[in-house]
Amino acid sequence: MSELTLTIIRLGLLVLLWIFIFSVVGVLRGDIYGTRVVSRTPRKPAPARKPAERPDTPAPQKRQKRQPHSTVPQSLVVTQGVLTGTSLPLREAGTIIGRNPECALILDDDFASGRHARIFHRDGAWFVEDLGSTNGTFVGTERLTGPVRVEAGSTLRIGKTVIELRR
């Protein structure tokens, strides 16, 4: 082989070595400093300016709250697992449960997937569905195979964590 070929091979191996070193340092840095935590506390809204009222303008009507039914859940409460006692209100847009920091309820459970399950509102009722998790989601003792309607008092089991839906 010529001297030029050997030099190119040496430089190529040196570049590969540095790429490997930087990737190892990146992984170690992620393990040492962990995941960036995003604050979930709601921000205070800026004070709204009051528009000048005119006497001929009708007053805006207030939205009426719907009356909760006795079987309609309002919140999730962790009853077993690392997060026992944690409570979270259900949102109309849906609540995602899992290990991912972007989930509404972040589980510290080795048997939970990143995006494990979702609780959502449809047609006046609440449903829970498994999002393709490895270990499954259970309502009572039954493993979910599709969206299932849930009511207040229902229990969900995700790994070692048990969650109860409450009014």
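Here the residue index of a chain counts from 1 through its sequence in written order. With pLDDT at 70 or above as the cut-off, local features in this predicted model cover only qualifying residues; side-chain atom pairs require 80 or more to be listed or tallied, and sums for whole chains, interfaces and linings still use all residues. Hydrogens and water molecules were not included; the side-chain quantities draw on all heavy atoms of the structure.

- As recorded in an unreviewed UniProt entry, the protein chain goes by FHA domain-containing protein and comes from Pedococcus bigeumensis.

### Digging into unusual backbone geometry
Part 1 of the argument: In this structure, D123 takes a positive phi of about 55 degrees despite not being glycine.
Part 2 of the argument: Per the convention used, a helix needs a DSSP run of H or I reaching at least four residues, while a strand needs a run of E reaching at least two, with both numbered from the N terminus. On the secondary structure map, D123 appears in the loop between β5 (117–122) and β6 (125–130).

### Some thoughts on the sheet that holds strand β10 (residues 155–158)
Part 1 of the argument: Note on pairing: two strands pair once DSSP finds at least 2 bridges between them. Taken in spatial order, the 6 strands line up as β2-β1-β11-β10-β7-β8 in an open sheet, and their pairing is antiparallel. Only two strands of the sheet have a single partner each, and these edge strands are β2 (87–89) and β8 (142–143).
Part 2 of the argument: Two elements, strand β1 (residues 75–80) and β2, share 3 bridges in a ladder whose sense is antiparallel. Its bridge partner lying in β2, L76 is registered against L88.

### Digging into the pairing of strand β3 (residues 95–98)
Part 1 of the argument: Relative accessibility decides the category of a residue: with a 1.4 Å probe and only protein chains considered, values under 20% of the type maximum give buried, values over 50% give exposed, and everything between is partly exposed. Every second residue of β3 is oriented toward a common face, with T95 and I97 on one face and I96 and G98 on the other, all of them buried.
Part 2 of the argument: By the bridge criterion, 3 bridges tie β3 to β5 in an arrangement that is antiparallel. Counted as the bridge partner of T95 is I119 from β5.
Part 3 of the argument: In terms of strand pairing, β3 meets strand β4 (residues 105–106) through 2 bridges, oriented parallel. Considered in β4, the bridge of I97 is made with L105.

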